[in-house]
Amino acid sequence: MKAKDIWVNVPVKDLDRSIAFFTALGFTFNPQFTVKNATCMIVGENIYVMLLVEPFFQSFLSKPVADAHQATEALLCIGLRSRAEVDAMVTAALAAGGKEPRAAQDHGWMYSRSFEDLDGHVWEPMYSDLSQLPGA
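Engineer: Residues and numbers for the sheet that holds strand 4 (residues 47–53), please.
Structural biologist: Read from one edge of the open sheet, four strands run 1-4-3-2, paired in mixed fashion. For this open sheet the edge positions go to strand 1 (6–12) and strand 2 (28–35), each flanked by a neighbour on one side alone. In this sheet, adjacent strand axes meet at a mean angle of 25° when their direction is disregarded.

Right under this line is the structure:
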């Protein structure tokens, strides 16, 4: 099976605040999928993150919504084109109110950093050069 696109749904407390945060990182939003309780953040070609206000997010579930400030429900990794893009995204996230939970990871062939968004979700921008992968 091969998917044609990916849609990740993420709960947020304040939609306008989250839109401002991710706009500061350079993301754009699809107005066709933007309503009072949700918006569609365009991450890449056929990659979308739906930011859903928590009560609306909860309406799709039978289990409680995790508090991402207390527990990690997922790591949202985004592949970028260079180390500079990784650093720029994390710098923008920190300037917009995010937190950096750990130091950069440099494995030679792969470089990654991480940041927590305003709701505590962990995002990991990374760059990899598979030609430098040991044994390649």
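Engineer: Just give me the short version of the pattern of salt bridges, but keep the residues and values in it.
Structural biologist: Scanning the entire structure with this criterion turns up six salt bridges. With a shortest N-O distance of 3.1 Å, Asp 5 and Lys 4 are connected by a salt bridge. The exposure class assigned to Lys 4 is exposed, which follows from its relative accessible area of 68%. For Lys 13, the salt bridge goes to Glu 54, with nearest N and O atoms at 3.0 Å.

Engineer: Residues and numbers for the nonpolar core, please.
Structural biologist: Grouped together as the largest cluster of nonpolar side chains are 24 residues, with contacts concentrated most on Phe 22, Leu 25, Leu 51, Phe 115 and Trp 123. Among the secondary structure elements, those contributing two or more residues to this core are strand 1, helix 1 (15–24), strand 4, strand 5 (75–79) and helix 3 (83–95). At five residues, helix 3 tops the list of elements feeding residues into this core. With six residues, the next largest nonpolar core counts Ala 38, Cys 40, Leu 52 and Phe 57 among its residues.

Engineer: Describe the state of the cysteines, with residues and values.
Structural biologist: In the structure shown here, the tally under the stated rule is zero disulfides. In this structure Cys 77 is a free cysteine whose sulfur lies 19 Å from that of Cys 40, the closest cysteine sulfur available. With a relative accessible area of 48%, Cys 77 lands in the partly exposed category.

Engineer: Provide a residue-level description of the side chain of Thr 39, including the pertinent values.
Structural biologist: Relative to the helices and strands, Thr 39 resides in strand 3 (residues 38–44). The contacts of Thr 39, once residues within four sequence positions are left out, are Leu 15, Ile 19, Phe 29, Phe 33, Thr 34, Val 49, Met 50 and Leu 51.

Engineer: Go over the layout of surface pockets with me, naming the residues and quoting the values.
Structural biologist: Space inside the largest pocket adds up to approximately 390 Å³. Taken together, 17 residues line the largest pocket, and the ones lying closest to its centre are Val 43, Gly 44, Ile 47, Ile 78 and Gly 79. Of all elements in the fold, only strand 1, strand 3, strand 4, strand 5 and helix 3 reach the threshold of two or more residues within the lining of the largest pocket. When grouped by side-chain class, the residues that make up the lining of the largest pocket number 12 nonpolar, two polar and three charged.

Rules and cut-offs
Residues numbered from 1 in each chain as written. Predicted model: local features only at pLDDT ≥ 70, side-chain atom pairs only at ≥ 80, totals over all residues. Heavy atoms only, no water. Pairing = 2+ DSSP bridges. Helix = DSSP H or I, 4+ residues; strand = E, 2+ residues; numbered from the N terminus. Axes fitted to C-alpha atoms, helices over the stretch in contact; angles between N-to-C directions. Salt bridge = Lys/Arg side-chain N within 4 Å of Asp/Glu carboxyl O. Buried < 20%, exposed > 50% of the residue type's maximum accessible area, 1.4 Å probe, protein only. Core = buried A, V, L, I, M, F, W, Y, C linked by side-chain atoms within 4.5 Å. Disulfide = S-S within 2.5 Å. Contact = heavy atoms within 4.5 Å. 1 Å grid on protein atoms, 1.4 Å probe; cavity = no way out; pocket = protein on both sides within 12 Å on 5 of 7 lines; lining within 4 Å. Points joined across faces, edges and corners; volume = space filled by probe spheres on them. Nonpolar A, V, L, I, M, F, W, Y, C, P; charged D, E, K, R; others polar.

Remember, this is a structural readout, not a statement about activity or role.
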